[in-house]
Amino acid sequence: MSFHEPKLLAVCKKQYAYKLKTNLGIFFSLMIVQLLALLLSLNGSASMGAGSSSMVINLKLISGDIIIVFTLIWAFIIGNTVAGNACRLDFSFVSTRLTSNLASVCLLATAALVGGITATLSGVLLRLLVYWFQDVYTNNSLYLAPLTLLSGSYVTALYAFLLSVLGYFFGMLTQRNKALTIVIPVLFLGSLFIEARRAGEVQLLTTIFVFFVRETSMLLFSMKVVCAAALLFATVILFTNRMEVRR
Amino acid sequence: MICIESESLAKSFGKFKAVNNLSFSIEENKITGLVGRNGAGKTTLLKLLAGYLLPSSGEVRVFGQTPFNNLHVAANLIFIDDQLELPDNLNLGETLAAIGQFYANWRAELARGLLDYFSLQPQQYYANLSKGMKSSLKMIIGIAARCPLTIFDEPTVGMDVAVRKDFYRALLKDFMQYPRTIIFSSHLLSEIEELLDDLLLIKAGEKYLHLPLDELKGYAVGFTGQASIINKMITPEQILYQRQLGKDSIYLVARNTFNQEILQQARLQGVEISPVATDDLSIYLTAQHKGGIDNVFSRT
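Residues numbered from 1 in each chain as written. Chains lettered and ligands numbered in written order. Predicted model: local features only at pLDDT ≥ 70, side-chain atom pairs only at ≥ 80, totals over all residues.

*Asks:* Before we go on, may I ask you to explain the overall build of chain B in this structure?
*Replies:* Check the secondary structure of chain B and you find 12 helices and 13 strands. When the backbone C-alpha atoms are referred to their principal axes, chain B occupies close to 65 × 45 × 40 Å. Expressed as a percentage of the 300 residues in chain B, the buried residues total 40%. The contacts of chain B with a sequence gap of at least 6 include a subset with a gap of at least 24, amounting to 67%. (Helix = DSSP H or I, 4+ residues; strand = E, 2+ residues; numbered from the N terminus. Buried ≥ 20, exposed ≤ 12 C-beta atoms within 10 Å, placed from the backbone. Contact = placed C-beta atoms within 7 Å.)

Structural data, given as structure tokens:
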């Protein structure tokens, strides 16, 4: 009987490869989500002059870009999915909580990068479609400078990463305690309502939102996202470390 | 060398004690059968060994280390059971290749050969397999991984007799080539007894017996004959099982502490003496009530 002495990083790498293979579905869902968003954007751009559809106006108010918003929502949801899959699949084979979490975060980073790039490129595709099918649209904003494209992808990827880690965090919390599947949404929606009623007072959610969104320096923004993700992630590692494997 | 050591190990779920005060040790490179009734705590014990569960009290050590959330133990152990989750978006060939990456001793050719023998196509998908075929695939993974500690928790669920027998043989053959510690829990003791070196029998979460299989075979004897004669030679503590056959004849299984003379005497008085099959014996040993199911009906 010869023992195999495992190295933490080597195991993480193997697990990352395994996760990438078993979670390929998330990239398929990304395609669907972006295609859907693209179609909705097409429709939205076309009907904007009429201004008849209230849903379109709503979405534009939030972000101005349906594809990116959809990609971010996707990022949050896959964070949740990856957390669920990690608990379901990882412990079949060589794994500890630490390797499982590290491999998960690598997977989320990969997914966020792909999501960020494709979301920005979908924006280009949208412009092209508009250019082809609606001859009115021929001003300068059709053109995207390469640097803008790059920074757009980068920022979207960072937001997607942050949201996917947040999704992973909530996913793991709910794995730990099923009651949280109800408690967390209630708390979130509840605080949304409360903050909306108390305009002008200290508002936690708004403050957090502003903390990221109002940042103009790329470097500072990157640091904020990485630190926030690291904090969430460290919390996950801490509270899953003594968690038993359910199977 | 000792592979597994357990010291007054206990695990409770709420108020229910699934494993209670269990102390034993398993030597390396032996095949140990884990036997017990439904709910005796077999799966809980195996999950404690695999490091999936935290003991409520007591201690368990695998390769000299605490198994819970331990990378060294995880890398040298594989736990095969009914609930083992396999990816549903990979075909069988890809699944085996992906799993093989995790294990240093993985035998890819053996896995492929077994897959072929049990007529599983590498292009098939796990979700589309029948119950028995799913079990076969998991068993193939368990054998091909060649982990220093291999745990099978009722791996033969859904397999037909022919497949089960092939698997016992495959396991034994691979064990001879590459000895390792194997724990095999099963309800079909008579089928697996040729495989086993040792038997660990647990009852209501506690260790009842842990002995080499050869000793188990001589552990008890069966008596068939007149109740009055048999009851005279056996003390009530020895009785493991008793069943009424006719008006005053009984079948009785007792712990074997008899010398040849007593047995000879019994034979002369018309008592038939027979060996007890190991799986029957394990049923008698783990029974909650001495009369068996018949007792329920005779009371009503």
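*Asks:* It is not clear to me how the overall build of chain A should be interpreted in this structure. Could you clarify?
*Replies:* Scanning chain A from terminus to terminus reveals 9 helices and 0 strands. Starting at the N terminus and walking to the C terminus, you meet the elements of chain A as α-α-α-α-α-α-α-α-α. Burial status across chain A gives 33% buried among its 247 residues. Looking at chain A alone, contacts between residues at least 24 apart form 83% of all its contacts between residues at least 6 apart.

*Asks:* I'm lost on the packing of helix α5 (residues 97-133) of chain A against helix α6 (residues 146-176) of chain A in this one. Help?
*Replies:* In helix packing, the relevant descriptors are the interaxial angle and the interaxial distance, both defined with respect to the helix axes. Residues and elements named next belong to chain A. It is at 7 Å that the axes of α5 and α6 come closest, and there the two elements cross at 140°. Viewed along their axes, α5 and α6 adopt a mutual orientation that is oblique. Helix-helix and strand crossings are classified by hand; for α5 and α6 the assignment is right-handed. Residues Ser 104, Val 105, Leu 108, Ala 109, Ala 111, Ala 112, Leu 113, Gly 115, Gly 116, Ile 117, Ala 119 and Thr 120 of α5 pack against Leu 149, Gly 152, Ser 153, Tyr 154, Thr 156, Ala 157, Ala 160, Phe 161, Ser 164, Val 165 and Tyr 168 of α6. In terms of residue class, the contact of α5 with α6 is made up of 15 nonpolar, 8 polar and no charged. (Axes fitted to C-alpha atoms, helices over the stretch in contact; angles between N-to-C directions. Parallel < 35°, antiparallel > 145°, perpendicular 65-115°, else oblique. Left-handed = near helix turned anticlockwise from the far one by under 90°. Nonpolar A, V, L, I, M, F, W, Y, C, P; charged D, E, K, R; others polar.)

*Asks:* I tried to follow unusual backbone geometry on my own but got confused; where do I start?
*Replies:* Keep in mind that most residues, glycine aside, have a negative phi and that most peptide bonds are trans. All names here are of chain B. With a phi angle near 45°, Glu 154 is a residue other than glycine that sits in the positive phi range. The phi angle at Ala 204 is positive, at roughly 50°, despite the residue not being glycine. The residue Ala 204 is located in the loop between β8 (198-203) and β9 (206-212) in this model.

*Asks:* For this particular structure, what's the right way to read the pairing of strand β7 (residues 181-185) of chain B?
*Replies:* Every regular strand shows the same layout, with side chains that alternate between the two sheet faces. Residue and element names in this part refer to chain B. Counted residue by residue, β7 has 5 buried out of 5 residues, so it is predominantly covered. Two elements, strand β3 (residues 31-35) and β7, share 4 bridges in a ladder whose sense is parallel. Residue pairing in the sheet places Ile 31 in a bridge with Ile 182 of β7. With 5 bridges joining them, strand β6 (residues 149-153) and β7 adopt parallel strand pairing. Within β7, the residue paired with Asp 153 across the bridge is Ser 185. Read as a crossover between parallel neighbours, the route from β6 over helix α6 (residues 161-177) to β7 is right-handed. (Pairing = 2+ DSSP bridges. Right-handed = clockwise from strand over helix to strand, strands pointing away.)

*Asks:* How should the pairing of strand β10 (residues 220-226) of chain B be read in this particular structure?
*Replies:* All names here are of chain B. Most of β10 is tucked away: 5 of the 7 residues are buried. By the bridge criterion, 7 bridges tie β10 to strand β12 (residues 249-255) in an arrangement that is antiparallel. If you follow Val 221 over to β12, its bridge partner there is Ala 254.

*Asks:* How do you make sense of the sheet that holds β6(B) when you look at a structure like this?
*Replies:* Sheet strands pair by backbone hydrogen bonding; their relative direction is either parallel or antiparallel. All names here are of chain B. Taken in spatial order, the 6 strands line up as β5-β6-β7-β3-β8-β9 in an open sheet, and their pairing is mixed. Looking at strand neighbours, the two that pair on one side only are β5 (77-80) and β9, the edges of this open sheet. Neighbour to neighbour, the strand axes of the sheet diverge by 15° on average, direction disregarded. Those strands touched by helix α1 (residues 42-50) are β3, β5, β6, β7 and β8, and its axis lies near 155° from that of β6.

*Asks:* How should I be thinking about the interface of chain A and chain B in this particular structure?
*Replies:* How big an interface is tends to be expressed through the accessible area that disappears when the partners come together. The interface is formed by 28 residues belonging to chain A together with 27 residues belonging to chain B. At the level of elements, α1 (8-22), α4 (66-89) and α5 of chain A are the ones that each hand at least two residues to the side of chain A that touches chain B. Tallying contributions element by element places α1(A) first for the side of chain A that touches chain B, with 7 residues. Split into classes, the residues belonging to the side of chain A that touches chain B amount to 13 nonpolar, 8 polar and 7 charged.

*Asks:* Honestly, the sheet that holds strand β1 (residues 2-13) of chain B in this entry has me stumped. Any pointers?
*Replies:* Residues and elements named next belong to chain B. Sheet architecture is open: 3 strands sit in the order β2-β1-β4, paired in antiparallel fashion. One side of each edge strand has no neighbouring strand; the edge strands of this open sheet are β2 (16-27) and β4 (57-62). Across the sheet, the mean angle from the axis of one strand to that of its neighbour is 20°, orientation sign disregarded. In the sheet, β1 pairs with β2 via 8 bridges, with the strands oriented antiparallel. Within the sheet, the bridge partner assigned to Lys 11 lies in β2 and is Val 19.

*Asks:* Can you walk me through α1(B) in this structure?
*Replies:* Three or four residues apart is the spacing at which side chains of an α-helix point the same way, because the helix has 3.6 residues per turn. The buried fraction of α1(B) amounts to 9 of the 9 residues, a majority that puts the element mostly inside the structure. Residues of α1(B) that are buried include every one of Lys42(B), Thr43(B), Thr44(B), Leu45(B), Leu46(B), Lys47(B), Leu48(B), Leu49(B) and Ala50(B), and no others.

*Asks:* What exactly am I supposed to notice about the packing of helix α7 (residues 180-197) of chain A against helix α8 (residues 204-213) of chain A here?
*Replies:* Residues and elements named next belong to chain A. Here α7 crosses α8 at 90°, and the two axes come no closer than 8 Å. The angle between α7 and α8 falls in the class roughly perpendicular. Listed contacts from α8 to Ser 191, Leu 192 and Glu 195 of α7 are Leu 204, Leu 205 and Thr 206. Residue classes in the contact of α7 with α8 are distributed as 3 nonpolar, 2 polar and 1 charged.

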